[in-house]
Number of protein chains: 4
Amino acid sequence: MKRNISVKHLSQTPIEKQKVELVERKCIGHPDSLADGVAEAVSRALCKEYMAECDGGVLHHNTDQGEVVAGESAPAFGGGKIVKPIYFLLTGRATRNFGNHVFATDAIAVEAARDYLSTTIPTFDMNRDVIVDCRMGSGSTDLCDVFNTKKGHTAVPRANDTSFGVGHAPFSQVEQIILGLDEYIANEFRPKNPMLGYDIKLMGLREINTITITVAAAMVDRYCSDITDYVEMKAKMEESFTQVARKYTDRKVKIEINTADIIRKKSTSVFLTVNGTSAEMGDDGSVGRGNRCNGLITPNRPMSMEATSGKNPINHIGKIYNLLSTEIAREACQKVDGIEEMYVRLLSQIGHPIDYPLVASVQCITKRGYDFKEYQTEVEEIVNHRLENISDITRLVIDGKLKTF
Amino acid sequence: MKRNISVKHLSQTPIEKQKVELVERKCIGHPDSLADGVAEAVSRALCKEYMAECDGGVLHHNTDQGEVVAGESAPAFGGGKIVKPIYFLLTGRATRNFGNHVFATDAIAVEAARDYLSTTIPTFDMNRDVIVDCRMGSGSTDLCDVFNTKKGHTAVPRANDTSFGVGHAPFSQVEQIILGLDEYIANEFRPKNPMLGYDIKLMGLREINTITITVAAAMVDRYCSDITDYVEMKAKMEESFTQVARKYTDRKVKIEINTADIIRKKSTSVFLTVNGTSAEMGDDGSVGRGNRCNGLITPNRPMSMEATSGKNPINHIGKIYNLLSTEIAREACQKVDGIEEMYVRLLSQIGHPIDYPLVASVQCITKRGYDFKEYQTEVEEIVNHRLENISDITRLVIDGKLKTF
Amino acid sequence: MKRNISVKHLSQTPIEKQKVELVERKCIGHPDSLADGVAEAVSRALCKEYMAECDGGVLHHNTDQGEVVAGESAPAFGGGKIVKPIYFLLTGRATRNFGNHVFATDAIAVEAARDYLSTTIPTFDMNRDVIVDCRMGSGSTDLCDVFNTKKGHTAVPRANDTSFGVGHAPFSQVEQIILGLDEYIANEFRPKNPMLGYDIKLMGLREINTITITVAAAMVDRYCSDITDYVEMKAKMEESFTQVARKYTDRKVKIEINTADIIRKKSTSVFLTVNGTSAEMGDDGSVGRGNRCNGLITPNRPMSMEATSGKNPINHIGKIYNLLSTEIAREACQKVDGIEEMYVRLLSQIGHPIDYPLVASVQCITKRGYDFKEYQTEVEEIVNHRLENISDITRLVIDGKLKTF
Amino acid sequence: MKRNISVKHLSQTPIEKQKVELVERKCIGHPDSLADGVAEAVSRALCKEYMAECDGGVLHHNTDQGEVVAGESAPAFGGGKIVKPIYFLLTGRATRNFGNHVFATDAIAVEAARDYLSTTIPTFDMNRDVIVDCRMGSGSTDLCDVFNTKKGHTAVPRANDTSFGVGHAPFSQVEQIILGLDEYIANEFRPKNPMLGYDIKLMGLREINTITITVAAAMVDRYCSDITDYVEMKAKMEESFTQVARKYTDRKVKIEINTADIIRKKSTSVFLTVNGTSAEMGDDGSVGRGNRCNGLITPNRPMSMEATSGKNPINHIGKIYNLLSTEIAREACQKVDGIEEMYVRLLSQIGHPIDYPLVASVQCITKRGYDFKEYQTEVEEIVNHRLENISDITRLVIDGKLKTF
């Protein structure tokens, strides 16, 4: 059966030519990202348990819910304390009984969440700073039914919903800067400067040719002995981050860090935290409220409202099609010459095999000097090939090789 | 001080000319909508209490979080039962102490949530089917500070964040159909046909000139005596909904209702519920995961990821700018001739007065036969006037006159 | 088979001759009593559902757990407000699946608890002042097994545990005063004086021939306009309560009400509440921590530590034997002449029929001028007859005709 | 001021002469004991924090509440798994703000509870098997007031309530056996036989001269490879426990272990657990429902209903007077010749200094051949001296040197 793939030319001002562009990323320790990360960790742990017990099969589950209820803290230069732990509520549902098996879904979820948190935010005292609670359900019978067809690995799963996924490529300069900064902070800057915490919000605003990166960064108090330390760290961050940003653009770049700080003799109000996340002191978080699966929030681009994290990676369109459309756009822009910008939308139809979307719609802005017709077929083939191998997405997700936020 | 208002021409394929358009709405009883509705009801109740006690002032709060954890039910033709209540967790934060006042924030929140639920889903047995729990915090001192400036009513609040809002007008045919159906169901169809529940997902897909509206509608079992009743109701819905849709379009319209139903002699699986919402049997919900503030999810349009419901209506950009940009677009398209499509983006700067956004960016697709220059100034004036009167938004929200989802 | 009934003479100073006697009662609105009342209401509701669905059979459940977590309130003369609702956590376990039946255990529990609370504390605004949460389990298979034997109604249930129950009669003067006051308050005084709340702790202390009744009584603020009102009510209570007490004794009686009150011009601290229970403002409660099943706490008498409320009334020794031994002592003292004091202890053996206790041990202090031998046999017969008809206890409990606290 | 100490002769059948005696102990891993242990650990941790921050002072708190909600497990010979973690809810209240200090009461409570659990039940996987949640309040202002008097360490605290404590000595043979077995198991038997779990209920029944010790002991599955192992362990326990019991009595002793076990070819039902506590599989627990502060439940002795664990050790009569009266009885019976049995009751009066009880009432059964008058004064002096040094109790409790359950 032929897939319904539509690759069209798009006439639209490319992102870099638009006057204003806004890009945001909530880094790993932001309350919404913590919620996403926990949700995905729980799903991955369940997948592994199901696979181990069910001969490679994954049973129904969706843990794309859950809430991070902020705690209270009393940060202080040199080291303060958590007053009230952050409360993580795990919800969603997962198959508990299958044949003779009883799956320890609640215990697995709690363990996966705690493991994820202790690894991700190493400053957490897991015995004191964090409560992980669980009110997970068991899934309705109907939804379980869908998965029974998966036995034998020959059948492609059927879509759980009429929904869609969307992705784009390539990344704009601002998008690259934001992602580049995130990586730089995680892999280079923070290891050397533990004062910089995990909850960082990067907001990139481009007005024509000026890019302003506003950074809201929680500092870890135990590594910050006084206000001078704090101010120096901000200066250091500004300098380093500017250098990183310049790798991706020739435009004018401004880095602004913790602009809400008030540093006066009498009253000082800075973004100081005990563990490096605002979840400890007033900011709640939820799954699916932060980054899209490409790691960004991009109001200038089409986005899906669907949470990607925590959804089952077998037949949940909100997860698979968002990841897949992003992968398709990336691959096509990398392999095919002439594409200035590409938007991929995959539309499912509930109950139909996920490798046959209702429509796979691709829109391309063509680079100056290229002809759309020349690459159209090549793109179609990439889309078709990717859909044929849609189960690769599932595998990569379970192995933790595809980020979901 | 002059406002930074930028009204530009946009050359882009208008929505009606695009090959594929997708529009979704989660109606009032969808788990995500329940979460939104409760969050907004809590915020409104807090506003009223603050205003009553603080001489018209509203203190800091944000209740744009919270979780709906699905219950379990055993629906049956003629009337089944709720096995495990739906669990609503109220979170967020609100000022509890101000001067000598102690605000009953938790009690107010619980009451507002329960009132909202009993009004919205009249099938709920509030004594048995629903648990409303509360883990609301008190807000950090910093955020409270922002609100002190409000005393005297002369100062405009300052933005709580560097963020943005986005809105568009006019609505496309599919958007109109979805919103029209929602209104028709709530005001005309359901009052006469109580079998139709509150949790309805309307998904509109236009492929060139064919519009398919997929309806996933929870039926209320006490009003449905058997499978024949159920099937007849679906037929009735199909007929009525088709007529409603035709008011908004000449394109071909297909209505598809509960397509996942299996109705066989041996095994029947239909969307039957006790109270008319899937939250009773497996579907969780969260604030901010459903409709945008115009009531729709529109992947073909720019959207904001920010939850609108539950945020304080004083200085929370994620709420005010989303609502305002939608209002601006509506007003402009209504008053000004020649606009085919309009996108409004408002960008805040943390700590700056909200009536002076960093930039108010408007993009217009001009109708054939009109000239952008002719209406540009008029649009600018509308934007300027709306920003000048930004506090109208706050008042309308508190009075419940602006929907947030 | 002959029952092992041992009726013995006891040589011990009778209670009225002891120098010091202490008796306590936590009235209906005390946090511990609220916990007991809710637990028992839930058990009764489950019994009724099981009986309705299982042809008169009652399935395994024990709801003799649960916690009342105090709220916060801001009482004020004339009417204050609840700031944070009281949180009731329902726990325990109940059979959810039996044959093809699914029992709505969680929903039944929540409903029973809310109904009980609204009836018992009519001042509660059930929409605002109270949160009822539920984390009930499903019971282990082993325990369910025990109940399968009940089918057919011919077999007597087998004891769930090696445990015991204890009861005594007749009530001493102080015990009568405490119970008499409780009844008088509930049926006569409070209906006329709604200012007197529901959470009243009655502590009776007899030192030789002086009886002091210390009353800690929560007042309801909406019915108390000022401190004068409050003081007058205390005077009125003192007078009325003294009269009631005098019905039961010729000893000297002192009534002391809210002795911790501080009433000064500068600082006043009185026991004022919004709804008439200290659970609203700081006092938690638990099942089984308050009154024994005769309604009293009597340190001068043998007592069982077992909670009576919430336990299943079929085979839970901690419930049935405590109730039965109290009933036996009452009946014997009423019907048989010559008994000054009587203590009944029933000892079970796990797995054996409950109408054949390991030993039914009765100790009697004989009235002056009577001979133990004369009534010994009569008492034995009463014990034997009561054991023969042990299932009466179950029925009375389910019908709510036996108080458990 | 002279203390009101009353030492009287008691004419009563001594315990060893009574026909039937019942003694029970819930060992360290029983759900009720876990609740007690956690409550006391939290109180001790708070005391230490208060003392460190307040120059030796202890602020108001009572954590004598809390609930252990059972989990679910799937035990299996050789090692099963926890399916649903045990849920511990910490409640009660503790002073959070004092002067400029903010006390991390919630975080301290969670940490203390988790530390206690991991130390006490080393089989727990703390990351997976246990959820510790916290809903602790802040204490009402009134109660805080009481503690302000403690500053300066000169004033003796005032009683929080009109209440009483009760204690007795010496221990009967059955009481000694139960306590001796508990110690033997913890210090000798279990270290060598890890199969024996932590949740053990010891029930001692003496009928005239026959003592039956019924042991309900949770076995740890990972140390029990099959049913043969299990049966052998029961035999080993029976043998060892019999030897221990014989140290304390010449009466006939029977040890009965896990009498509810069913071991048949077809169906086997034994007391096997994953971690060695029934809290993992269906048994809830509460503070104050288990052992009295002497470690026993003794229906033949006067007992207090008050929970000892978790109460503040400064002025809470329910804690201090129970501990003190037990200590007094022990000391007097040890030091003074001629006492067959001794019962101590201490009665407080709310608001009065705790070293001056309303009455300290001591009842003594005199050994044959001794004269009550000869030791009466000596006992009075011991009581007086102990009351004078009542603060020793507080110190011993905080240092963990007095057991509370």
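As a reminder, the structure under discussion sits directly above these lines.
Read on for a plain summary of the structure. The residue numbering used here restarts from 1 in each chain and proceeds along that chain's sequence as written. Working convention: letters from A go to chains and numbers from 1 go to ligands, in the order in which they are written. Residue-level local features of this predicted model are given only where pLDDT is at least 70; pairs of side-chain atoms are given and counted only at 80 or more, and the full residue set underlies all totals for whole chains, interfaces and linings. Remark: hydrogens and water are excluded; side-chain values derive from all non-hydrogen atoms of the structure.

Each helix corresponds to a stretch of at least 4 residues labelled H or I by DSSP, and each strand to a stretch of at least 2 residues labelled E; elements are numbered beginning at the N terminus. Each helix and strand counted, chain A has 8 helices and 21 strands in total. Its C-alpha radius of gyration of 23 Å places chain A within 12% of the 22 Å reference for a compact globule of 405 residues. The dimensions of chain A, computed from C-alpha atoms along their principal axes, are 75 × 65 × 25 Å. Three labels apply to residues, based on accessible area from a 1.4 Å probe with only protein chains included: buried if under 20% of the type maximum, exposed if over 50%, partly exposed otherwise in between. Residues counted as buried form 64% of the 405 residues belonging to chain A. Only the C-alpha atoms count toward the radius of gyration. The rule for a globule is 2.2 Å times the residue count to the power 0.38.

Our focus in this paragraph is the relation of the copies chain A and chain B. Note: a rotation about an axis with an accompanying shift along it relates these two copies of the chain. In the superposition of chain A on chain B (RMSD 0.0 Å, axial shift 0.0 Å), the rotation amounts to 180 degrees. A rotation of that kind, with that shift, is consistent with a two-fold axis. Residue Q12(A), judged by its C-alpha, is the member of chain A lying nearest the rotation axis, at 2.4 Å. In this assembly, 97% of the residues forming the interface of chain A have copies in chain B that are likewise at the interface, indicating an isologous arrangement. Our superposition of the copies is a least-squares fit, built on the C-alpha atoms of residues whose pLDDT is at least 70 in both. Here a residue-residue contact requires only that any non-hydrogen atoms of the pair lie within 4.5 Å.

Moving on, we come to the packing of aromatic side chains. The criterion for an aromatic pair is that two Phe, Tyr or Trp rings (for Trp, the six-membered ring) have centres within 6.5 Å, with stacked assigned to planes under 30 degrees apart, edge-to-face to planes over 60 apart and tilted to the rest. All told, the structure shown has 20 aromatic pairs over all chains when counted by the stated rule. Measuring from ring centre to ring centre gives 6.1 Å for Y184(A) and F189(A), while their planes differ by 50 degrees; the resulting arrangement is tilted. Residue classification places Y184(A) among the buried residues on the basis of a relative accessible area of 17%. Assessed through its relative accessible area of 2%, F189(A) is described here as buried. Through a chain of ring-to-ring contacts, three or more aromatic side chains come together here, namely Y184(A), F189(A) and F241(A). Remark: a charge is flagged as sitting over a ring if the NZ atom of Lys or the CZ atom of Arg is within 6 Å of the ring centre and within 35 degrees of the ring normal. Against the face of Y356(C) rests R3(C), its NZ or CZ located 4.3 Å from the ring centre. Seen from the ring of Y87(C), R135(D) lies directly overhead, with NZ or CZ sitting 3.6 Å from the centre.

Moving on, we come to the pairing of strand β20 (residues 339–347) of chain A. All names here are of chain A. Counting buried residues in β20 gives 8 out of 9 residues, a clear majority hidden from the surface. Pairing between two strands requires that DSSP report at least two bridges joining them. Two strands pair when backbone bridges link them, and strand β12 (residues 164–169) and β20 are joined in this way by 6 bridges, in the antiparallel orientation. Bridge assignment links A169 to a residue of β20, and that residue is M342.

As a further point, take the relation of the copies chain C and chain D. Between chain C and chain D, the superposition needs a rotation of 180 degrees and an axial shift of 0.1 Å, giving an RMSD of 0.1 Å. When you check the interface residues of chain C against chain D, 98% turn up at the interface there too, and the contact is symmetric in its surfaces.

What follows deals with the pattern of salt bridges. One speaks of a salt bridge when a side-chain nitrogen belonging to Lys or Arg is within 4 Å of a carboxyl oxygen belonging to Asp or Glu. All told, the structure shown has 100 salt bridges over all chains when counted by the stated rule. In this structure, E331(A) engages R386(A) in a salt bridge whose closest nitrogen and oxygen atoms are separated by 2.6 Å. One end of the pair, E331(A), is in helix α6 (residues 317–335); the other, R386(A), is in helix α7 (residues 372–388), and 55 residues separate them in sequence. Here E331(A) and R386(A) have matching classes, each one buried. Of the charged contacts, one joins D64(D) and K311(D) as a salt bridge, the two residues approaching to 3.3 Å between their closest N and O atoms. Taken together, the positions of D64(D) in the loop between β3 (61–62) and β4 (67–69) and K311(D) in the loop between β19 (285–286) and α6 (317–335) put the pair 247 residues apart, joining distant regions of the chain. We classify D64(D) as buried; its relative accessible area is 8%. Taken together, the shared-partner salt bridges in this structure form one network comprising E327(A), R330(A), E331(A), K335(A) and R386(A).

Taking 1.5 Å per residue, 19 residues should reach 27 Å; α6(D) reaches 26 Å between its end C-alpha atoms and fits that length. Counting buried residues along α6(D), 16 of its 19 residues qualify, which places the element largely inside the surrounding structure. One less than the residue count of a helix, multiplied by 1.5 Å, gives the span that helix is expected to have.

A few words now on the interface of chain A and chain B. It is common to give the size of an interface as the accessible area lost on bringing the parts into contact. Counting residues at the interface gives 60 residues for chain A, matched by 60 residues for chain B. Taking both sides of the interface into account, the surface hidden between chain A and chain B amounts to around 4900 Å²; carbon and sulfur atoms contribute 53%. Accessible surface is computed with a 1.4 Å probe, and the buried area is the amount of it that two parts give up when combined, taken over both parts together. Together, Q65(A), R289(A) and M305(A) form the three largest contributors to the area buried by chain A at its contact with chain B, with a combined 16%. We note a salt bridge from K201(A) to D161(B), for which the minimum N-O separation is 2.7 Å. Two N or O atoms count as a polar contact when they lie within 3.5 Å, although within protein this holds only if one can serve as hydrogen donor and the other as acceptor, and sequence-adjacent residues are included solely when both atoms are side-chain atoms. Applying the counting criterion to the chain A and chain B interface returns 22 residue pairs in polar contact (both at pLDDT 80 or more). When contributions to the side of chain A that touches chain B are tallied by element, the ones reaching two or more residues are β2 (20–26), β4 (67–69), β7 (86–90), β13 (196–207), β19 (285–286), β20 and β21 (359–366) of chain A. Ranked by the residues each element gives to the side of chain A that touches chain B, the list is headed by β13(A), at 4 residues. Classification used: nonpolar for Ala, Val, Leu, Ile, Met, Phe, Trp, Tyr, Cys and Pro, charged for Asp, Glu, Lys and Arg, polar for all others including Gly. A class-by-class count of the residues in the side of chain A that touches chain B yields 23 nonpolar, 21 polar and 16 charged.

Before going further, it helps to spend a moment on the environment of E340(A). All names here are of chain A. Within the element layout of this structure, E340 appears in strand β20. When its relative accessible area of 26% is taken as the criterion, E340 is described as partly exposed. Separated by 326 residues in sequence, E340 and P14 have C-alpha atoms that sit 7.5 Å apart. Apart from residues lying up to four places away in sequence, E340 is in contact with P14, P170, I365, T366 and K367.

Before going further, it helps to spend a moment on the sheet that holds strand β21 (residues 359–366) of chain B. Residue and element names in this part refer to chain B. Strand order in this open sheet of 4 strands is β1-β21-β20-β12, and the pairing throughout is mixed. Looking along the sheet, the strands with just one partner apiece sit at the ends: β1 (5–9) and β12 (164–169). Mean inter-strand twist for the sheet, computed between neighbouring axes without regard to direction, equals 15 degrees. Helix axes are fitted to C-alpha atoms over the stretch in contact, other axes to C-alpha atoms as well, and angles between N-to-C directions run from 0 to 180 degrees.

All names here are of chain A. Taken in spatial order, the 4 strands line up as β11-β7-β4-β19 in an open sheet, and their pairing is mixed. One side of each edge strand has no neighbouring strand; the edge strands of this open sheet are β11 (130–134) and β19. Relative to β11, β7 is paired through 5 bridges, and the arrangement is parallel. Paired with F88 across the two strands is V132, which belongs to β11. Most of the contacts of helix α2 (residues 105–120) go to β11, to which it runs at about 155 degrees, and overall it touches β7 and β11.

Every contact between the two is made by 60 residues of chain C and, on the other side, 60 residues of chain D. Summed over both sides, the interface between chain C and chain D buries roughly 4900 Å², with carbon and sulfur atoms accounting for 53% of that surface. It is Q65(C), R289(C) and M305(C) in chain C that bury the most area against chain D; as a group they hold 16% of the surface buried on that side. Linking chain C with chain D are 6 salt bridges. Where chain C meets chain D, there are 21 residue pairs in polar contact (both at pLDDT 80 or more). Of all the secondary structure elements, the ones that give two or more residues to the side of chain C that touches chain D are β4 (67–69), β7 (86–90), β13 (196–207), β19 (285–286) and β20 (339–347) of chain C. When residues of the side of chain C that touches chain D are assigned to their parent elements, the largest contribution, 4 residues, is made by β13(C).

What follows covers the packing of helix α4 (residues 173–192) of chain D against helix α5 (residues 227–246) of chain D. Residues and elements named next belong to chain D. It is at 10 Å that the axes of α4 and α5 come closest, and there the two elements cross at 125 degrees. For the element pair α4 / α5, the angle class is oblique. α4 and α5 meet at a crossing whose hand is right-handed. Counting all contacts with α4, which are made through I177, G180, L181, Y184, I185 and F189, the residues of α5 involved are M233, K236, M237, S240, F241, V244 and A245. Split by residue class, the contact of α4 with α5 holds 10 nonpolar, 2 polar and 1 charged. With respect to orientation, any angle under 35 degrees is reported as roughly parallel, any angle over 145 as roughly antiparallel, any angle of 65 to 115 as roughly perpendicular, and every other angle as oblique. Here a crossing is taken to be left-handed if its near helix is turned anticlockwise relative to the far helix by less than a right angle, and right-handed if that turn runs clockwise.

All names here are of chain B. By the secondary structure assignment, S278 is in the loop between β18 (272–273) and β19 (285–286). For S278, the side chain forms a polar contact with the side chain of D283, separated by 3.1 Å. Ignoring sequence-local partners within four residues, the contact set of S278 consists of P31, D199, F271 and D283.

The subject of this paragraph is the side chain of K26(A). Residue and element names in this part refer to chain A. Its place among the elements puts K26 in strand β2. A polar atom in the side chain of K26 sits 2.8 Å from the side chain of D32. Looking at K26, its side chain comes within polar contact range of the main-chain oxygen of R289, at 3.2 Å. The residues touching K26, leaving out its near neighbours within four places in the chain, are D32, S33, I200, K201, R289, G290, N291 and I297.

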